[in-house]
Amino acid sequence: MSSVLEQLKDASVVVADTGDFNTIKEFQPTDATTNPSLILAASKMEQYAALIDEAVAYAKEHATEHQQVVQTAMDRLFVVFGKEILKIIPGRVSTEVDARLSYDTQASIDRALGLIAQYEKEGIAKEKILIKLASTWEGIQAAKFLESKHGIHCNMTLLFNFEQAIACAESGVTLISPFVGRIMDWFVKNTDQKTYTRKDDPGVLSVTRIFNYYKKYNYKTQVMAASFRNTEEIKGLVGCDLLTISPALLKQLAAETENVPVALNTEHAKDLDVAKVSIDEKTFRWALNEDAMATEKLAEGIRNFAKDARALEKLIEAKI
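Model, not experiment: these values are computed from the prediction.

Caption draft 1: Quick look at the overall build of the protein. Along the backbone of the protein there are 15 helices and 8 strands. In terms of C-alpha radius of gyration, the protein reaches 19 Å, essentially the compact-globule figure of 20 Å for 320 residues. Structurally, the protein occupies a C-alpha span of about 60 × 50 × 40 Å along its principal axes. Each of the 320 residues in the protein was classed as buried or not, and the buried ones make up 56%. Taking all contacts inside the protein whose residues are at least 6 apart in sequence as the whole, residues at least 24 apart take part in 70%. Total accessible area computed for the protein in this model is approximately 13600 Å², and 50% of it derives from carbon and sulfur atoms. Treating the 38 positive side-chain charges of the protein as one cloud and the 45 negative ones as another, the clouds have centres 1 Å apart.

Caption draft 2: Representation of the environment of Arg229. Looking at where Arg229 falls in the secondary structure, it is placed in the loop between β7 (222–225) and α11 (231–235). A relative accessible area of 38% places Arg229 in the partly exposed class. A sequence separation of 33 residues divides Arg229 from Tyr196, and the C-alpha atoms of the two residues are 11 Å apart. Apart from residues no more than four positions distant in its own chain, Arg229 is found in contact with Gly181, Arg182, Met184, Asp185 and Leu249. Side-chain polar atoms of Arg229 contact the side chain of Asp185, separated by 2.7 Å.

Caption draft 3: Structural view of helix α3 (residues 36–43). Those residues of α3 not exposed but buried are Pro36, Ile39, Leu40, Ala42 and Ser43. The buried residues of α3 occupy an angular sector of 165 degrees when projected down its axis, which confines them to one face. Sitting at the amino-terminal end of α3 is Asn35, which places a side-chain oxygen 2.9 Å from the backbone nitrogen of Ser37.

Caption draft 4: Structural context of the layout of surface pockets. Empty space within the largest pocket amounts to approximately 320 Å³. Lining of the largest pocket is provided by 21 residues; of these, Asp17, Asn35, Leu38, Arg182 and Ser227 occupy positions nearest its centre. Those elements that provide at least two residues to the lining of the largest pocket are α3, β5 (154–159) and β8 (242–245). Looking at the lining of the largest pocket, its residues break down into 8 nonpolar, 9 polar and 4 charged.

Caption draft 5: Quick look at the packing of helix α1 (residues 4–11) against helix α12 (residues 247–255). Running from N to C, α1 and α12 point in directions that differ by 105 degrees, and their axes come no closer than 5 Å. Taken together, the axis directions place α1 and α12 in an arrangement best described as roughly perpendicular. Two secondary-structure elements touch here, α1 through Val4, Leu5 and Leu8 and α12 through Leu250, Leu253 and Ala254.

Caption draft 6: Region of the structure containing unusual backbone geometry. The phi dihedral of Leu158 is positive, around 50 degrees, even though this residue is not glycine. Relative to the elements of secondary structure, Leu158 occurs in strand β5. When its relative accessible area of 1% is taken as the criterion, Leu158 is described as buried. Phi angles above zero are rare outside glycine, and Ser227 is one such case at about 60 degrees. Along the chain, Ser227 falls in the loop between β7 and α11.

Caption draft 7: Here's a closer look at empty space enclosed by the protein. Scanning the model with the defined rule gives 1 cavity of 30 Å³ or more in all. When its volume is computed, the largest cavity comes out at roughly 60 Å³. Per element, the largest residue contribution to the lining of the largest cavity is 3 residues, and it comes from strand β4 (residues 129–134). Residue composition of the lining of the largest cavity, grouped by class: 5 nonpolar, 3 polar and 3 charged.

Caption draft 8: Inspection of the nonpolar core at higher detail. Grouped together as the largest cluster of nonpolar side chains are 100 residues, with contacts concentrated most on Leu77, Ile131, Ile176, Tyr214, Leu237 and Ile245. If one sorts the elements of this core by residue count, helix α5 (residues 66–86) sits on top with 10 residues. Apart from the residues lying within four places of it in its own chain, the contact partners of Ile176 are Asn155, Met156, Leu159, Ala165, Cys168, Ile210, Tyr214, Thr221, Gln222, Val223 and Met224. With 5 residues, the next largest nonpolar core counts Val15, Leu175, Met224 and Leu242 among its residues.

Caption draft 9: Spatial organisation of the side chain of Glu147. One can find Glu147 in helix α7 (residues 137–150). Lys220 provides the closest opposite charge to the buried, unpaired Glu147, separated from it by 4.3 Å. Side-chain polar atoms of Glu147 contact the backbone nitrogen of Cys154, separated by 2.8 Å. Setting aside chain neighbours within four positions, we find Glu147 in contact with Ile152, His153, Cys154, Gly172, Val173, Thr174 and Lys220.

What counts, and where the lines are drawn
- The written sequence of each chain sets the order in which its residues are numbered from 1.
- Two thresholds apply to this predicted model, a pLDDT of at least 70 for residue-level local features and 80 or more for giving and counting side-chain atom pairs, whereas whole-chain, interface and lining totals are computed over all residues.
- Hydrogens are left out, water is left out, and the side-chain values use all remaining heavy atoms of the structure.
- Runs of H or I in DSSP of at least four residues are treated as helices and runs of E of at least two as strands, each being numbered from the N terminus.
- The atom set for the radius of gyration is the C-alpha atoms, and the globule formula is 2.2 Å times the number of residues raised to the power 0.38.
- Here's how the labels work: a residue is buried when its accessible area is under 20% of the maximum for its type, exposed when over 50%, partly exposed in between, all with a 1.4 Å probe on protein chains only.
- Residue contacts are counted whenever heavy atoms from the two residues lie within 4.5 Å of one another.
- To measure how exposed things are, a 1.4 Å probe is used in the Shrake-Rupley method; for residues, cover is taken only from the protein chains shown.
- When charges are counted, Lys and Arg contribute as positive and Asp and Glu as negative, whereas His and the chain ends are disregarded.
- In this description, the location of a charge corresponds to atom NZ of lysine, CZ of arginine, CG of aspartate or CD of glutamate.
- For this analysis, a polar contact is any N or O atom pair within 3.5 Å, provided that within protein one partner can donate a hydrogen and the other can accept it, and provided that sequence-adjacent residues contribute only side-chain to side-chain pairs.
- The arc in question is formed by the directions pointing from the helix axis toward the C-beta atoms.
- The way it works is a 1 Å grid over only the protein atoms, where trapped points that fit a 1.4 Å probe form a cavity and open points with protein on both sides within 12 Å along at least five of seven lines form a pocket, and then any residue with an atom within 4 Å of a point lines it.
- Grid points are joined across faces, edges and corners, and a volume is the space filled by probe spheres set on the points.
- Amino acids outside the nonpolar list (Ala, Val, Leu, Ile, Met, Phe, Trp, Tyr, Cys, Pro) and the charged list (Asp, Glu, Lys, Arg) are all regarded as polar, and Gly is one of them.
- Interaxial angle, 0 to 180 degrees, is taken between N-to-C directions of lines fitted to C-alpha atoms, where a helix line uses only the stretch in contact.
- When describing relative orientation, an angle under 35 degrees is termed roughly parallel and one over 145 degrees roughly antiparallel, while 65 to 115 degrees is termed roughly perpendicular and anything else oblique.
- In this description, a nonpolar core means a group of buried Ala, Val, Leu, Ile, Met, Phe, Trp, Tyr and Cys residues linked to one another through side-chain atoms lying within 4.5 Å.
- One speaks of a salt bridge when a side-chain nitrogen belonging to Lys or Arg is within 4 Å of a carboxyl oxygen belonging to Asp or Glu.

Right under this line is the structure:
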């Protein structure tokens, strides 16, 4: 019998959730995702020191004021990691806009355009890049502009509830990344139930609901389930458009050989009796306010990405 990982690749696009090139080579995913936390972890590895040096050298050539040099080096570091990753994978790499811009639509747009311009100067087409933005109202509006006015594909991250997902789909974004494991984390911490299976895991149920709604109403936005805590969550979402998986879980899936049935499919979704809804800014903000889990996890996610961005800046400043 083929491994669970091979079965997954037959039903979903498998994406490596890492900035480590060696891991990407080992598991041969289609796409790869990066974020400040992953780039920070990779940047601490000796084999990637040269990439930081390259980013700092670029920044010194293109900026003069200290803080501008640091910011330019940060963006350049994401681009050089993305460039190297694209030498390994056949698909796309996700590159994240600074989380500290999550509530600033115009600044997010400007930063995204700058990242794409750098990739294009390296001979990498924008179609090979997914710009990652937080699924705040402001982030979604930035993605809407980038998609509609510039044809830049966006990956909406830190997505925790149904209303965020609908707002993304109605804005015509390319892809969303609902965080399965972080949803489950909140329920373990805040409810009496401490263990879940692939059948009742709240993160799995949330992604299933979003996937079914998208397919029912023919939205082009794809669902890339993310932030898994265990292989059970992944097995509960076989058939999801994409699955972005950490190296540790990829290794487990490659070693497992059970038969895993497809859990999500478009034909089933189209037969469901699901009402169509529409989300404006007031509805979005109220729904988020009423959803303690989504509110807390979105804020926590932005804070943690911002924290790692600051740590990455310190690494860069040490080189400067």
